[in-house]
Amino acid sequence: MADAFIGKWQVDLASTAGLEEFGAAIGFNEERIQTYKNLSYVIEFSTAGDTFTATVTFAVESIPAQSYSFKLGETFDYNAIDGTKPKLTITVEGGKIVEKYNLEDKDKQWETVREVAGTVMTTTTTYSGKSVTQKLNKQ
């Protein structure tokens, strides 16, 4: 994983764009879209050898912190905050982190691409041609 991603990143909620369209495409109800619209979080990427860890801490006390470790290119079981359990494969392509999710029981696949420019990480998640974009600032 590129060194540029290592560290803590705080979401800038004001930068979120496309959530309504993305949420409708993937099947979120209005309440869930509003929850995600206001969901502040920090994600921290760290590494130990060829194993990477992502830890997500949420500003909402009812959502516990989430941490997962992975090796690039190896598929693993991911437990999302909404209770879904997609398979997740993370790679680095052209200096970007590419996360490919596969929720087999619902026949849904989506992709998140993370890229860093200076102290800003841009995250774009796409499902069925609809995307939500967020910016995160390095802490």
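Everything numeric in this text was worked out from a predicted model, so none of it was measured.

J.: A description of the packing of aromatic side chains should follow, citing residues and the corresponding values.
T.: In total, this model carries ten aromatic pairs according to the counting rule given. Here the aromatic rings of Phe-52 and Phe-70 are separated by 5.8 Å at their centres, their planes lie at 25°, and the arrangement is stacked. Placement of Phe-52 in strand S3 (residues 51–58) and of Phe-70 in strand S4 (residues 66–70) is noted, with a sequence separation of 18 residues between them. The exposure class assigned to Phe-52 is buried, which follows from its relative accessible area of 8%. On the basis of relative accessible area, Phe-70 is assigned to the buried category, the value being 4%. Within the aromatic cluster, the residues linked to one another by ring pairs are Phe-52, Tyr-68, Phe-70, Phe-76, Tyr-78, Tyr-101 and Trp-110.

J.: Just give me the short version of the pairing of strand S1 (residues 7–17), but keep the residues and values in it.
T.: Pairing of S1 with strand S2 (residues 41–48), which is carried by four bridges, proceeds in the antiparallel orientation. Counterpart to Trp-9 in the pairing with S2 is Ile-43. Across five bridges, the pairing between S1 and strand S10 (residues 130–138) is antiparallel. When the bridges of S10 are listed, Val-11 appears paired with Leu-136.

The rules behind these values
- Residues numbered from 1 in each chain as written.
- Predicted model: local features only at pLDDT ≥ 70, side-chain atom pairs only at ≥ 80, totals over all residues.
- Heavy atoms only, no water.
- Phe/Tyr/Trp six-rings, centres within 6.5 Å; stacked < 30°, edge-to-face > 60°.
- Helix = DSSP H or I, 4+ residues; strand = E, 2+ residues; numbered from the N terminus.
- Buried < 20%, exposed > 50% of the residue type's maximum accessible area, 1.4 Å probe, protein only.
- Pairing = 2+ DSSP bridges.

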